[in-house]
There are 4 protein chains.
Amino acid sequence: MAYPPSIQKLIDLFSKFPTVGPRTAARFIFYLLKLSKEEFDKLISSISELKNKIKICKLCFYPFEGEGEVCSICGDQTRDRSLLCIIEKESDLTAIENTKKYKGLYFILGGTVSTLKKADIEKLRIDKLKERVKSPEFKEIIIAINPTTEGEATTLYLERTLQSLNKKITRLGRGLPVGGELEYADEETLSSALESRK
Amino acid sequence: MAYPPSIQKLIDLFSKFPTVGPRTAARFIFYLLKLSKEEFDKLISSISELKNKIKICKLCFYPFEGEGEVCSICGDQTRDRSLLCIIEKESDLTAIENTKKYKGLYFILGGTVSTLKKADIEKLRIDKLKERVKSPEFKEIIIAINPTTEGEATTLYLERTLQSLNKKITRLGRGLPVGGELEYADEETLSSALESRK
Amino acid sequence: MAYPPSIQKLIDLFSKFPTVGPRTAARFIFYLLKLSKEEFDKLISSISELKNKIKICKLCFYPFEGEGEVCSICGDQTRDRSLLCIIEKESDLTAIENTKKYKGLYFILGGTVSTLKKADIEKLRIDKLKERVKSPEFKEIIIAINPTTEGEATTLYLERTLQSLNKKITRLGRGLPVGGELEYADEETLSSALESRK
Amino acid sequence: MAYPPSIQKLIDLFSKFPTVGPRTAARFIFYLLKLSKEEFDKLISSISELKNKIKICKLCFYPFEGEGEVCSICGDQTRDRSLLCIIEKESDLTAIENTKKYKGLYFILGGTVSTLKKADIEKLRIDKLKERVKSPEFKEIIIAINPTTEGEATTLYLERTLQSLNKKITRLGRGLPVGGELEYADEETLSSALESRK
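If you're wondering where the values come from, they're calculated on a predicted model, not measured in any experiment.

## Considerations on the relation of the copies chain C and chain D
Each of the two chain copies can be generated from the other by rotation about an axis followed by a shift along it. Mapping chain C onto chain D calls for a screw motion: a turn of 180° about the axis and a shift of 0.1 Å along it, with 0.2 Å RMSD after fitting. Taken together, the rotation and translation relating the two chain copies correspond to the operation of a two-fold axis. Proximity to the rotation axis, assessed at the C-alpha, singles out Ile44 of chain C in chain C; its C-alpha lies 3.4 Å from the axis. A shared binding surface is used by both copies, with 100% of the interface residues of chain C retained as interface residues in chain D.

## Some thoughts on the interface of chain C and chain D
By a widespread convention, an interface's size corresponds to the accessible area lost as its parts come together. Contact with chain C, which involves 48 residues of that partner, is made by 48 residues of chain D. Carbon and sulfur atoms make up 74% of the surface buried where chain C meets chain D, a total of about 5100 Å² over both sides. The tally of links from chain C across to chain D stands at four salt bridges. For Glu49 of chain D, the salt bridge goes to Lys9 of chain C, with nearest N and O atoms at 3.2 Å. For the interface between chain C and chain D, the tally reads 10 residue pairs in polar contact (both at pLDDT 80 or more). Counting residues per element, the ones that place at least two in the side of chain C that touches chain D are helix H1 (5–14), helix H2 (22–34), helix H3 (37–53), strand E2 (63–65) and helix H4 (90–99) of chain C. Element by element, the count of residues in the side of chain C that touches chain D is highest for H3 of chain C, at 11 residues. Across the side of chain C that touches chain D, the residue classes break down as 29 nonpolar, eight polar and 11 charged.

## A short note on helix H2 (residues 22–34) of chain B
An ideal rise of 1.5 Å per residue puts 18 Å on 13 residues; H2 of chain B measures up with 19 Å between its terminal C-alpha atoms. Buried within H2 of chain B we find Thr24, Ala25, Ala26, Phe28, Ile29, Phe30, Leu32 and Leu33 of chain B.

## Things to note about the pattern of salt bridges
Scanning the model with the defined rule gives 67 salt bridges over all chains in all. Across the pair Glu152 of chain B and Arg171 of chain B runs a salt bridge whose closest N-O atoms are separated by 3.2 Å. A residue pair is termed long-range when its members are at least 10 positions apart, and Glu152 of chain B in helix H7 (residues 149–162) and Arg171 of chain B in strand E6 (residues 168–171) qualify at 19 residues. Accessibility expressed as a relative area gives 23% for Glu152 of chain B, which makes it partly exposed. Residues participating in the shared-partner salt-bridge network are Glu152, Glu159, Arg171, Arg174 and Glu188 of chain A.

## Overview of the nonpolar core
In terms of nonpolar packing, the biggest core is built from 132 residues, with Phe14, Leu32 and Ile96 of chain C together with Phe14, Leu32 and Ile96 of chain D touching the most fellow members. Excluding residues that lie within four positions of it along the chain, Leu32 of chain D makes contacts with Phe17, Ile47, Leu50 and Lys51 of chain C together with Leu10, Phe14, Phe40 and Leu43 of chain D. Leu10 of chain A together with Cys57, Val113 and Ile145 of chain B belong to the second-largest nonpolar core, a separate cluster that totals 130 residues.

## Concerning the interface of chain C and chain A
Taken together, the contact between chain C and chain A spans four residues of the former and four residues of the latter. Counting the surface chain C buries against chain A, the share from its top three residues, Arg23, Glu183 and Tyr184 of chain C, is 83%. Our count for the chain C to chain A interface comes out at zero salt bridges. Inspection of the region where chain C meets chain A yields two residue pairs in polar contact (both at pLDDT 80 or more).

## What to know about the relation of the copies chain C and chain A
When chain C is brought onto chain A, the operation consists of a screw motion whose angular component is 180° and whose axial shift is 0.1 Å, with 0.1 Å RMSD remaining. Looking at chain C, 100% of its interface residues are interface residues in chain A too, so the copies touch through the same face.

## Let's talk about the confidence of the model for chain A
When pLDDT is averaged along chain A, the result is 93; 99% of the residues meet or exceed 70. Interface confidence in the predicted complex, given as ipTM, is 0.86; pTM for the same model is 0.80.

## Describing the environment of Ile86 of chain B
Residue and element names in this part refer to chain B. Mapped onto the elements of the fold, Ile86 is located in strand E3 (residues 83–87). Each C-alpha atom of the pair Ile86 and Phe61 lies 11 Å from the other, and the pair is 25 residues apart in sequence. Among residues more than four places away in sequence, those in contact with Ile86 are Phe107, Leu109, Leu129, Ile141, Ile142, Ile143, Ala144, Ile145, Leu158 and Leu162.

## A few points about the packing of aromatic side chains
Counted according to the given criterion, the structure contains 38 aromatic pairs over all chains. Centroid distance Phe14 of chain A to Phe28 of chain A: 5.6 Å. Interplanar angle 80°. Geometry classified as edge-to-face. With Phe14 of chain A in helix H1 (residues 5–14) and Phe28 of chain A in helix H2 (residues 22–34), this pair connects stretches of sequence that are 14 residues apart. Per residue, the accessibility class of Phe14 of chain A equals that of Phe28 of chain A, and both read buried. An aromatic cluster of three or more residues is present, and its members are Phe14, Phe17, Phe28 and Tyr31 of chain A together with Phe14, Phe17, Phe28 and Tyr31 of chain B.

## As for the sheet that holds strand E5 (residues 140–143) of chain D
Residue and element names in this part refer to chain D. Strand order in the open sheet formed by four strands is E4-E3-E5-E6, with parallel pairing between adjacent strands. Both outer strands of the open sheet, strand E4 (105–108) and strand E6 (168–171), are each paired with one neighbouring strand and no more. Strand-to-strand, the axes of this sheet are offset by a mean angle of 25°, without reference to chain direction. As paired strands, strand E3 (residues 83–87) and E5 are joined by four bridges and run parallel to one another. Bridge pairing in E5 places Leu84 opposite Ile141. The sheet strands contacting helix H4 (residues 90–99) are E3 and E4, and the helix crosses E4 at an angle near 160°. Here helix H6 (residues 126–133) sits on the sheet in contact with E3, E4 and E5, set at roughly 160° to E4.

## What about unusual backbone geometry?
For Lys100 of chain A, which is not glycine, the phi torsion reads 60° and is therefore positive. Mapped onto the elements, Lys100 of chain A comes out in the loop between helix H4 (90–99) and strand E4 (105–108). Exposure remark for Lys100 of chain A: the relative accessible area of 61% places this residue in the exposed category. In this model, Thr19 of chain D sits at a positive phi of 70°, which is unusual for a non-glycine residue. Within the secondary structure, Thr19 of chain D is located in the loop between helix H1 (5–14) and helix H2 (22–34).

Cut-offs applied
Residues numbered from 1 in each chain as written. Chains lettered and ligands numbered in written order. Predicted model: local features only at pLDDT ≥ 70, side-chain atom pairs only at ≥ 80, totals over all residues. Heavy atoms only, no water. Least-squares fit on C-alpha atoms with pLDDT ≥ 70 in both. Contact = heavy atoms within 4.5 Å. Buried area = accessible area lost by both parts, 1.4 Å probe. Salt bridge = Lys/Arg side-chain N within 4 Å of Asp/Glu carboxyl O. Polar contact = N/O pair within 3.5 Å; in protein donor to acceptor, adjacent residues only side chain to side chain. Helix = DSSP H or I, 4+ residues; strand = E, 2+ residues; numbered from the N terminus. Nonpolar A, V, L, I, M, F, W, Y, C, P; charged D, E, K, R; others polar. Expected span 1.5 Å × (residues − 1). Buried < 20%, exposed > 50% of the residue type's maximum accessible area, 1.4 Å probe, protein only. Core = buried A, V, L, I, M, F, W, Y, C linked by side-chain atoms within 4.5 Å. pLDDT = per-residue confidence, 0-100. Phe/Tyr/Trp six-rings, centres within 6.5 Å; stacked < 30°, edge-to-face > 60°. Pairing = 2+ DSSP bridges. Axes fitted to C-alpha atoms, helices over the stretch in contact; angles between N-to-C directions.

Following this line, the structure appears as structure tokens:
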């Protein structure tokens, strides 16, 4: 059954949100229609505000709010400025910060590549990264990209691109995750778990 | 790690959307921040437009766009006006319309109840329903509520509430769904599949 | 790592059991090795006994134990001998009996076919079925094959094969199973649920 | 519906096999009944043979076939006899051997404990382990128990039990498994992945 045009238009827009398909998009709209005028206006103004209040850090590309050009992590002189951790996306920064174990700086690459085609690579912030890593304060570059197939290809590409720097370049350790089982682990994961025993 | 206040406020609002948790809400915001100004403004205006353009049908409570007070289904004189199908929510109407097998009218109840507590029942459109079913043109009231535990309780409540009407009151048939297997079907489903054989 | 030959041989045999792969087969063997001699011998003798004690009913092909050539269902004169229910496999008989709603007789077809190739069809008990349905006491033949893709092809084939009998031939009813949801049901299931409302 | 006694007895026995419930056990029996006499007899004799041919290694408790009292791993003088890897069950040995990265010896503990109750612990081969680790050739004891809740409790118990040996005691490394994602990793896994970067 056809939706009214103003609903269909919004279904199309919501369907572009990450994880959202047309069915979920429709549920979003039925939800919006049930909001009170006050709640609805608050949502609209909160979304509108985003673009005005939020800036993107010119060093790590994480969104922030406030004065200046850099985010609170990049501007924090108490952090370990010898470490730069390259991550795929914003939510990976949140995940690492939540561990409270990493005190270095970040760089958000903006994606991964499945091939090394120029068009694919240009979607990433490779040029910005090359410039950023030149900073002499960094002693170690940690490539913290997901160990998925695409992530591995990207990590390999980054390793090659950054090797001329003559800096220490590391990857995240592999191993059994919490709750994992030896019997169902792939051989590479289990090999790494054995090698990194301690 | 704490998000900037304008991001956290929006995470809280998006987390109220159906199926969305804080992690998905954060991904929505990182997505919004990557939109071009043009795309962003289009989204804002499409959402804003919803409340202006969309009305709720005063008969079935489905959203619609256009003149008058009733939606295109309730206003369609070629549909079978002797049948009223009570459904839980808007997306159930879409699902039934997509079968192209039902030509009667609808009534969106607005939810289901797990208990028969007054406070729960008052969240549904019971009074509006009682009024609507009085219309003498309806010969059969189809209760098309999901056969889940909550849906069953709601169906039972509706059957009791509507029985004094002296109209035919029916429920959706039970049976094996496409792709289902006898061996894994519960006894009630399999019994119904046997009884409704044809 | 290679298993000892007597273990590998048994892994290969257990891997042919339904639902069992090599990994589960290996776990079966480690389990067997942990059994006490008494438990182990009891298992061996219980398996050996099967072929001696169990006969296959010559009417419905269900396994049974005891005197005579027919199982307790086929021999039960109080059951409704006007109904014959064709099922794929033994466990489907158990599933239907557990509903306690069906009092007719059964016929176990022995499988389903995905194509109508002669070689495939010959794996089923089609000739035995043709002979069995000739019995004048049957007034209705119920085809209770799973509504999966393969099951549908088989049902269609059976309908064609049996139509010359001039007996009532029925299929299980389709509909929403207990716990199902309108929104996620396929169109055919939902159409059937609407048509078989009651 | 009740199964014949000789089938029900076997369903009960098969239901004790790992991963098997009564429904799968019934399918096993229907499968057995369809085997030819030759296939059936081969299965019976292969099972019977197990207890005659297979011995349990008196050092690591892995099943083996052949001369002597120890398995081919424990008897292999080319393996690294300074490493002893404690595992929960036989299939974990297979998993580690398949990586081809570990060349030390094993000890199969025979289970894990969720509590430190005496009755639970006595189900494991703790006394045999204490005796085995005394061997002066072992320089490192690797506790390779699954990092599940129960496995962690068992690892902790083993660490305490073995610490008086004054040998190096290690655990498997934690980290992101192949295919894992930072965003969905728990904090402990991600912390370990960062710490074991290389």
